[in-house]
Amino acid sequence: MSSSANIYVDNGSYNKLLSYLMGLDQPQLEEFKICLQSSQLLLGNFQQIPWANLKAIDPTNLLCLLSEYFSERQIWEVTLSIFDNMNLTSQCTEVRAMMNEIAQTQGSQDPSQEEPEVPEEEKDHRRRYRERMKAKILTMWDNIPWPEDHIYLRNVTEKEHEGLKSLLYPNRTGAQPQTIVLEGLAGVGKTTLAMKVVLHWAEGFLFHQRFSYVFFISCHKVRDMKDTTLAGLLSWDWPDSQAPIEALMSRPESLLFVIDGFEEMDVPSTLDESPPCKDWYQQLPVNRILFHLLKKELVPLATLLITTKEYRTNDLKKLLLNPWFVQIVGFTEGDREEYFIRYFGDQNKAKKILHWVRKNESLFHFCSAPMVCWTVCSCLKRQMARNPHFQLSTQTTTSLYVYFFSSLLATAEVSLSDQSWPDQWRALCSLAAEGMWFWKFTFAKKDLKHRHLEAPVIGSLLRLNILRKVSDCEDCVTFTHQSFQVFLGAMFYVLRGVRGSIGGPPKHQEMRVLLNDALADTNFYWNQMALFFFGLLKRNLAEELEDTLRCKVSHRTTDELLEWADELESYDLVSSCFEFLRFFECLYETREENFVRQILSHLLEADLDIFGSLQLQVSSFCLKHCQRLSKLRLSVSSAIPQTELTFNLETLETRPHSKIRQWQDVCSVFSNGNLTELDFSNSKLNAFSMKKLCCELRNPRCKLQKLTCKSITPVRILKELVLVLYGNHRLTHLNLSSNNLGIPVSTMIFKTLRHSACNIQYLWLESCGLTPLACRHLFLELSKNSSVRFLSLGDNDLSGVEVKSLQGPSEMPESSLKELSLEKCNLSAASYQDLALYLTSTQRTSRLCLGFNPLRDEGVRLLCASLTHHECALERLVLWFCQLGTPSCKYLSDALLKNKSLTHLNLRKNNLRDEGVKFLCKALSRPDCSLQNLDLSDCSFTAEGCQELANALQHNCNMKILDIGSNDIQDDGVKHLCEVLKHPKCALNTLGLEKCNLTPACCQYLSSVLRSSKSLFNLNLLGNDLELRGVSTLWKALKKSTCKLQKLGLEKELYNIVKGELEELQERGSFLRVKCKWDFNDLEDKWWW
């Protein structure tokens, strides 16, 4: 195969960034997002990220979003700037160190520098060692059994050398990484590359100036070795004398360790607890020695070159220090084409076959492994020779593997009775399945004996290239390619029999676990096993297996699958990361429409990213059978043609374009009579495909109620939505956020809102780049005959807009608008005056969000004047991060004394201090104060403010939810609150104390409340150092039958301490849950806008 640079390099930078973002708690993450909106902290003219995209995003998607807007270097700079602004000192130190490390790769170190003068005796040592290593690698190479008709593609030596250099010298200049990981799928050439590095060094062609010694360690070979030392391990390959350990120790920077097959190693659960090892002569199990080597405790200055299958990459990242990952992708497209042409000898036939393989994206991807190319080519060649009418278009990946094995075994010469053969075949499949469960790919003689596999069968499988001997392990065998093991492992679950492969649960239960793992996991081999498993349900393939292998296929399998699918209804599949597209791929592999219709009748929601032809194909096949689907998120970036017909130059025929038909099938689900929610955000559509979609949304059978279209490309296609707004009276929710609508699109949509046929009641236009002119036009249309009752204009610059225009002319009928969010709209002073007038008009507005605006105390003064007006019907007011101070609290308190409608008030992230809280409490202490939900988190007050709140709550029986997190109230503050919480008339059911600098001492006060309170159901203690003794104190109260608490926020390490006791409580009927991330019971309270 080509061993040059078919690679993808990752220096681990993004993983480091992600770890920093995931290390932030919820308040810190929110602060980070707010800082991303500050031009000062963005360090230049960087493009600002729309707030609508940022505000509810998780750390993983936040990093993806940052990558869309900034270069890698810019992300590091912005992160450092924001961490510095947030006073995260330790994180700043780590980020600076990482940035310096990245910068050092641009230094002046020359990797080809001359090595120092070496004594003659040492030169002789090196010469003999190189000869030994050359012989070792060539012997290993010669012992690899390749099929006779396999084609080996070899690069010319010069290019091969350049490719190998790129592995160990990825930076053309400057410092080179000391730990390089070659990762990739099975069979793409990782071990081949590693062996060639050693071989070319031994031959003196490469790396001889940088490395004095290169050691090749096969993880499989050393896995079962007896305990030894590092010195003893290195002596194994030394020719006829003791290794010069002292000389090696004196120049560790000149050593290269090639560690092949990390996936063969088991990581001990106690590895983190084991003391570091720096002694070359300390006797340890070999895997321990390798782990200390990987962690750079042993020989820290040496260079490591490690190969691993990609599913073990995360395990490696936990061990390695600043690794440089190189993804080996195997055959390029050109390599694959050359392989097919040379195998078939007929260029036209080869290109025709390759054209079909390309259309099967999964199979084409597998062909990056040379042995899969051989499998496909040899199978097709046999099928075409046996059947002149063989149809490529009807083949699936599974059918090719079925025909491959059946054609090989049809010619096998095995001296077994017909009765023995089925048992042997089941034994082989069971061996393959067990290996998949335990990631075991090499099988010793005892493994084969345990499965009762007979020598004639093993010999035949070796001759047929289904199995091959392992070059560095006597009496060990492995499957010639891992896909063979995956296929046979999948076959185990369709053959008759009830016994599982691992000796525990029965086969059908193993099958369920396999599917649940495969459809919620990114592991390639589980995914492939699930694909084969479904593909083997195809009737003609089952018959082929029975005829050739003389093994009966279980007819219960489809029934068991339907039972498994029936349980999907009870799971929240989206939040549990269920891979819907992978599931659809598996169903498409069966081509059994009746079965697919039955199994999809249980699917109620789906989340699909259609980014290529395969995804469009499988989605079109499956969605048309999802008759009960009610929620669908659909992101489309696959190119859909503009025209319905395609012209074939070879046949001169015109026929419907397959992608148009597939898109039509996808759209058909919109009118299935059950779909009520559709989100096709982040889609790239042309006008033609958008019209098709909108036609289905106008269908009288369409019952869609909620439509989300965020970040659509190009924006102009949103004009087609006018057809839907006119034609679908059931549609009540429309979200067009994160689209720069412009005048033409916004004008068309806004005009439609006043039409009597339009029934939109909830409208989101956040981060839409609306101009003052567009906003005035919107307000004018809404003041006419509009059904809109909720409007969010967050993150649009309304500094030049007269908000009073929302009221419309006096002769116009009253607008239905009741709920308005103007979050982060850069409102001017005049806007607050307008809003004050607006609230006292006849609009009867019930909810208003002005968060993230420079409202300041004067703006609050103007608003509060309207709050006391008898016409004001406001129920919820959000003023988070509005630069408010103590005076604002006085204005709000005076207003609350007179206002009887306001029940929810959010003042989070304002500098109110103790004095401000004291002012608020004048109103809160009144028994007739109507406020029920108060958010004072991150408002810079102390225990003194808590004392005021406690005094107020003694007289207030209406307050239900109080959040005072991220304030320095300490234990004394909690003590004050607990006094009132024990009062029988206290109605508080939710208390937020996150990040309040609490210690274990406060748990005594809280425990007394938990034992006696009849109202407290939710308590958030996240971000506090309560320690084991604090949690133990709490737990004594939580176990009492009088405790009513249902949700407790605790740090993960504290939760792990009490997890077992919590499960016991729940078994006894307790409703208590422990949350490591807090979300209020009523999500609407937190995110109603």
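By the naming in an unreviewed UniProt entry, the protein chain goes by NLR family pyrin domain containing 13 and is assigned to Lynx canadensis. Comment text from UniProt for the protein chain, heading Sequence similarities (unreviewed entry), reads "Belongs to the NLRP family."

Undergrad: It is not clear to me how the overall build of the protein chain should be interpreted in this structure. Could you clarify?
TA: Assigned secondary structure in the protein chain consists of 45 helices and 28 strands. When the 1089 residues of the protein chain are sorted by exposure, 57% land in the buried category. A fraction of 80% describes how many contacts in the protein chain between residues 6 or more apart in sequence connect residues 24 or more apart. Of the roughly 46400 Å² of accessible surface on the protein chain, a fraction of 49% belongs to carbon and sulfur atoms.

Undergrad: Explain the confidence of the model for the protein chain to me, please; I cannot follow it from the model alone.
TA: As a general rule, the predicted coordinates of low-pLDDT regions are not to be interpreted in detail. Taken as a whole, the protein chain shows an average pLDDT of 85; of its residues, 90% reach a score of 70 or greater. Contacts for the low-pLDDT stretch residues 1-5, under 50 throughout, to residues beyond four places or in other chains number 21 contacts.

Undergrad: Is there a simple way to explain the pairing of strand 6 (residues 324-328) in this structure?
TA: Residues in a regular strand project their side chains so that they alternate between the two faces of the sheet. Extensive coverage of strand 6 is indicated by the burial of 4 of its 5 residues. Of the pairings in the sheet, the one linking strand 2 (residues 179-184) to strand 6 comprises 4 bridges and is parallel in character. Following the sheet pairing, V181 is matched in strand 6 by F325.

Undergrad: Sorry, what's going on with the packing of aromatic side chains here?
TA: In this description, an aromatic ring pair is defined by two values, namely the gap between the centres and the angle between the planes. Enumeration over the complete set of coordinates arrives at 43 aromatic pairs. Ring centres of W51 and F852 lie 5.2 Å apart, and the angle between their planes is 90 degrees; on these two criteria the pair is classed as edge-to-face. Taken as a pair, W51 in helix 3 (residues 51-54) and F852 in the loop between strand 20 (847-849) and helix 37 (856-867) lie far apart in primary sequence, 801 residues in all. Ring geometry for F405 and F487: centres 5.2 Å apart, planes at 5 degrees, overall stacked. One end of the pair, F405, is in helix 19 (residues 397-410); the other, F487, is in helix 23 (residues 482-492), with 82 residues separating them in the sequence. Looking at F405, the relative accessible area reads 2%, which means it is buried. The positively charged end of R336 is found above the aromatic ring belonging to F364, 4.4 Å away from the centroid. When the ring centre of Y588 is taken as reference, the NZ or CZ atom of R591 above it lies at 3.9 Å.

Undergrad: What is the right way to look at the pairing of strand 4 (residues 255-260) in this model?
TA: Of all the 6 residues making up strand 4, 6 are buried; the element is thus mostly covered by neighbouring parts of the structure. Every second residue of strand 4 is oriented toward a common face, with L255, F257 and I259 on one face and L256, V258 and D260 on the other, all of them buried. Examined bridge by bridge, strand 3 (residues 213-218) and strand 4 share 6 bridges and lie parallel to one another. Paired with F216 across the bridge in strand 4 is V258.

Undergrad: Can you walk me through the side chain of T307 in this structure?
TA: Mapped onto the elements of the fold, T307 is located in strand 5 (residues 303-309). Polar contacts involving the side chain of T307 include one to the main-chain amide nitrogen of G261, which spans 2.8 Å. Discounting chain neighbours no more than four positions away, the residues touching T307 are L182, K190, T191, A194, I259, D260, G261, F262 and E263.

Undergrad: Mind showing me how you'd approach the sheet that holds strand 8 (residues 467-469) here?
TA: Taken together, the 3 strands give an open sheet; going across it, the order is 7-9-8, and neighbouring strands pair in antiparallel fashion. Only two strands of the sheet have a single neighbouring strand rather than two, namely strand 7 (442-443) and strand 8. One ladder, built from 3 bridges, connects strand 8 with strand 9 (residues 477-479); its direction is antiparallel. Residue pairing for strand 9: L467 is matched across the bridge by F479. Along the sheet, helix 22 (residues 455-463) makes contact with strand 8 and strand 9, crossing strand 8 at roughly 90 degrees.

Undergrad: I keep staring at empty space enclosed by the protein and nothing clicks. Help me out?
TA: To locate leftover empty space, one rolls a probe as large as a water molecule over the atoms. Tallying each qualifying case throughout the model produces 3 cavities of 30 Å³ or more. Empty space within the largest cavity amounts to approximately 900 Å³. The wall of the largest cavity is formed by 40 residues, among which G187, T191, D260, R468 and T478 lie closest to the centre. When residues of the lining of the largest cavity are traced back to their parent elements, those giving at least two are helix 7 (120-142), helix 9 (190-202), strand 3, strand 5, helix 18 (370-386), strand 9 and helix 23.

Undergrad: Sorry if this is basic, but what is going on with the environment of D972 here?
TA: Tracing the chain through its elements places D972 in helix 41 (residues 970-981). Using a relative accessible area of 49% as the deciding quantity, one classes D972 as partly exposed. Separated by 30 residues in sequence, D972 and T942 place their C-alpha atoms 9.1 Å apart.

Undergrad: Can you help me understand the pattern of salt bridges in this one?
TA: In the structure shown here, the tally under the stated rule is 36 salt bridges. Note that E30 is salt-bridged to R908, the shortest N-O span being 2.4 Å. Taken together, the residues span a long stretch of sequence, with E30 in helix 2 (residues 26-35) and R908 in the loop between strand 22 (904-906) and helix 39 (913-924) at a distance of 878 residues. Among the residues examined, R908 registers a relative accessible area of 11% and is labelled buried. With a closest N to O distance of 3.2 Å, R127 and E131 form a salt bridge. Here E131 and R127 lie together in helix 7, a separation of 4 residues that amounts to about one turn. One salt-bridge network, held together by shared partners, links R512, R556, D559, E563 and E567.

Undergrad: Got a minute to help me understand the nonpolar core in this structure?
TA: Soluble globular proteins tend to bury their nonpolar side chains together. If you look at the biggest cluster of nonpolar residues, it comprises 329 residues, and the most contacted ones within it are W425 and L993. Take this core: its biggest share by element is 10 residues, from helix 20 (residues 420-437). When residues no more than four places from it in sequence are discounted, the contact partners of L993 are I964, G965, I969, V974, L977, L998, L1006, L1019, N1020, L1021, L1022 and N1024. The next biggest cluster of nonpolar side chains, apart from the first, holds 37 residues, and it includes I49, L63, F83 and V878.

Undergrad: Can you help me understand helix 24 (residues 507-518) in this one?
TA: At 3.6 residues per turn, the α-helix brings residues three or four places apart onto the same side. Over its 12 residues, helix 24 runs 16 Å from end to end, which matches the ideal 16 Å to within 8%, given 1.5 Å per residue. For helix 24, the complete set of buried residues consists of K507, E510, M511, R512, L514, L515 and A518. Residues of helix 24 that are buried in the fold lie against helix 20, helix 23, helix 25 (524-535), helix 27 (557-566) and helix 28 (580-590).

Undergrad: What is the right way to look at the side chain of T396 in this model?
TA: Looking at where T396 falls in the secondary structure, it is placed in the loop between helix 18 and helix 19. Here the side chain of T396 touches E589 through a polar contact of 3.4 Å, side chain to side chain. When near neighbours in sequence (up to four residues on either side) are disregarded, T396 contacts N360, K538, E589 and R591.

Undergrad: What is the right way to look at unusual backbone geometry in this model?
TA: Outside of glycine, negative phi angles account for most residues, and trans bonds account for most peptide bonds. In the segment running from T713 into P714, the intervening peptide bond is cis, with an omega of -15 degrees. Along the chain, P714 turns up in the loop between strand 15 (706-708) and helix 33 (721-727). You will see that F881, though not glycine, has its phi angle at about 55 degrees, which is positive. Structurally, the position occupied by F881 is in the loop between strand 21 (876-878) and helix 38 (886-898). Overall, F881 belongs to the partly exposed group, its relative accessible area being 28%. Positive phi, close to 55 degrees, is recorded for D938, a residue that is not glycine.

Undergrad: Would you take a moment to explain the packing of helix 24 against helix 27 for this structure?
TA: What describes two packed helices is the angle between their axes and the distance between those same axes. Two numbers describe how helix 24 lies on helix 27: the axes approach to 11 Å, and their chain directions differ by 50 degrees. With respect to each other, helix 24 and helix 27 are oriented oblique. Here the hand of the crossing between helix 24 and helix 27 comes out right-handed. Between helix 24 and helix 27, the contacting residues are H508, M511, R512, L515 and N516 on the first element and E560, L561, E563 and W564 on the second.

Undergrad: Honestly, helix 9 in this entry has me stumped. Any pointers?
TA: For helix 9, with 13 residues, the first-to-last C-alpha span of 19 Å sits near the 18 Å given by 1.5 Å per residue. Of all 13 residues in helix 9, 12 are buried; the element is thus mostly enclosed. Where helix 9 is concerned, the buried positions are K190, T192, L193, A194, M195, K196, V197, V198, L199, H200, W201 and A202. Downstream of helix 9 by a residue or two, G204 has a phi angle that is positive, lying close to 85 degrees.

Undergrad: How do you make sense of the state of the cysteines when you look at a structure like this?
TA: Throughout this description, disulfide means a covalent bond between two cysteine sulfur atoms. Enumeration according to the criterion identifies 0 disulfides in this entry. C1003 provides the cysteine sulfur closest to C1002, a residue in no disulfide bond, and the two sulfurs are 4.3 Å apart. The buried category is assigned to C1002, whose relative accessible area is 0%.

Undergrad: In this structure, what is going on with the packing of helix 1 (residues 13-22) against helix 4 (residues 59-69)? I would like to understand it.
TA: Where helix 1 contacts helix 4, the two axes come as close as 9 Å, and the packing angle between them is 130 degrees. In terms of orientation, helix 1 and helix 4 fall into the oblique class. Crossing angle aside, the handedness with which helix 1 passes helix 4 is right-handed. Contacts from Y14, L17, L18, L21 and M22 of helix 1 reach helix 4 at P59, T60, L62, L63, L66 and S67. Taken together, the residues of the contact of helix 1 with helix 4 sort by class into 9 nonpolar, 2 polar and no charged.

Quick notes on the rules
- Residues numbered from 1 in each chain as written.
- Predicted model: local features only at pLDDT ≥ 70, side-chain atom pairs only at ≥ 80, totals over all residues.
- Heavy atoms only, no water.
- UniProt positions renumbered as here; feature names shortened; annotations may be inferred.
- Helix = DSSP H or I, 4+ residues; strand = E, 2+ residues; numbered from the N terminus.
- Buried < 20%, exposed > 50% of the residue type's maximum accessible area, 1.4 Å probe, protein only.
- Contact = heavy atoms within 4.5 Å.
- Areas by Shrake-Rupley, 256 points an atom, 1.4 Å probe, with all protein chains shown as cover.
- pLDDT = per-residue confidence, 0-100.
- Pairing = 2+ DSSP bridges.
- Phe/Tyr/Trp six-rings, centres within 6.5 Å; stacked < 30°, edge-to-face > 60°.
- Lys NZ or Arg CZ within 6 Å of the ring centre and 35° of its normal.
- Polar contact = N/O pair within 3.5 Å; in protein donor to acceptor, adjacent residues only side chain to side chain.
- Axes fitted to C-alpha atoms, helices over the stretch in contact; angles between N-to-C directions.
- 1 Å grid on protein atoms, 1.4 Å probe; cavity = no way out; pocket = protein on both sides within 12 Å on 5 of 7 lines; lining within 4 Å.
- Points joined across faces, edges and corners; volume = space filled by probe spheres on them.
- Salt bridge = Lys/Arg side-chain N within 4 Å of Asp/Glu carboxyl O.
- Core = buried A, V, L, I, M, F, W, Y, C linked by side-chain atoms within 4.5 Å.
- Expected span 1.5 Å × (residues − 1).
- Parallel < 35°, antiparallel > 145°, perpendicular 65-115°, else oblique.
- Left-handed = near helix turned anticlockwise from the far one by under 90°.
- Disulfide = S-S within 2.5 Å.
- Nonpolar A, V, L, I, M, F, W, Y, C, P; charged D, E, K, R; others polar.

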